[in-house]
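Remarks on the overall topology
Each chain, written out:
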Amino acid sequence: MSIAYQGFTAEERAAMKDHAQDQKKAARRAPRADKAAQDLRDVLAKIAEMGESDRVMAERVHAVITADVPALTPRLWYGMPAYALDDKIVCHFQCAAKFRTRYATLGFSDRAHLDDGAMWAAAFALTEVTPEVEARISALVKHAVS
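1. Quick word on the overall build of the chain
Each helix and strand in the chain was counted, giving 4 helices and 5 strands. Walking the chain from its N terminus toward its C terminus, one meets helices and strands in the order α-α-α-β-β-β-β-β-α. In terms of overall size, the chain behaves like a compact globule, its C-alpha atoms giving a radius of gyration of 16 Å where 146 residues would be expected to give roughly 15 Å. With the C-alpha coordinates aligned to their principal axes, the bounding extent of the chain is approximately 50 × 40 × 35 Å. Classification of the 146 residues of the chain by burial places 38% in the buried group. About 9,100 Å² of surface is accessible on the chain, with carbon and sulfur atoms providing 55% of the total. One finds the centroid of the 20 positive side-chain charges in the chain at a distance of 6 Å from the centroid of its 20 negative side-chain charges.

Laid out in structure tokens, this is it:
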């Protein structure tokens, strides 16, 4: 049975527009220190725009990553808070509301060193960020950059 291609969803188109805006902003910035400061402000502003549940989780994820793995720099990626090493995205937080899903996710790119045999998880569902979840996030992100 063949399913006809319906095109991108409104949420996917919005994410692509966010990414294009992120790229334009990055191209206009000059000094690296200014870029890093603006990237951090952009991430914090994006987190502040989120609904309460997503915002609370994103704030905790951001706090854990920036405290435990300071080598990662915050920046937006497709309109989502993301964390990069040497300008390459390692992980990102995707709020549930962005794509109308029942849970937020912490996703990892192929730059993350999470390899474990022939198959491993590259994204993790989040419904809340407890101290145990914070510890797991910290361990995953540390492992991802090791």
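2. Some thoughts on helix α4 (residues 131-144)
Taking 1.5 Å per residue as the helical rise, α4 with its 14 residues ought to reach 20 Å, and the 20 Å between its terminal C-alpha atoms agrees with that figure. What α4 keeps buried is the set I137, S138, L140, V141 and A144. Buried residues along α4 sit in contact with α3 (52-68), β3 (88-94), β4 (104-108) and β5 (123-126).

3. Quick word on the packing of aromatic side chains
Inspection of the entire model under this criterion finds 2 aromatic pairs. Ring centres of W77 and Y78 lie 5.1 Å apart, and the angle between their planes is 85°; this geometry places the pair in the edge-to-face category. Overall, Y78 belongs to the partly exposed group, its relative accessible area being 29%.

The rules behind each value
- Residues numbered from 1 in each chain as written.
- Predicted model: local features only at pLDDT ≥ 70, side-chain atom pairs only at ≥ 80, totals over all residues.
- Heavy atoms only, no water.
- Helix = DSSP H or I, 4+ residues; strand = E, 2+ residues; numbered from the N terminus.
- Rg over C-alpha atoms; globule rule 2.2 N^0.38 Å.
- Buried < 20%, exposed > 50% of the residue type's maximum accessible area, 1.4 Å probe, protein only.
- Areas by Shrake-Rupley, 256 points an atom, 1.4 Å probe, with all protein chains shown as cover.
- Lys, Arg positive; Asp, Glu negative; His and termini not counted.
- Charge placed at Lys NZ, Arg CZ, Asp CG, Glu CD.
- Expected span 1.5 Å × (residues − 1).
- Contact = heavy atoms within 4.5 Å.
- Phe/Tyr/Trp six-rings, centres within 6.5 Å; stacked < 30°, edge-to-face > 60°.

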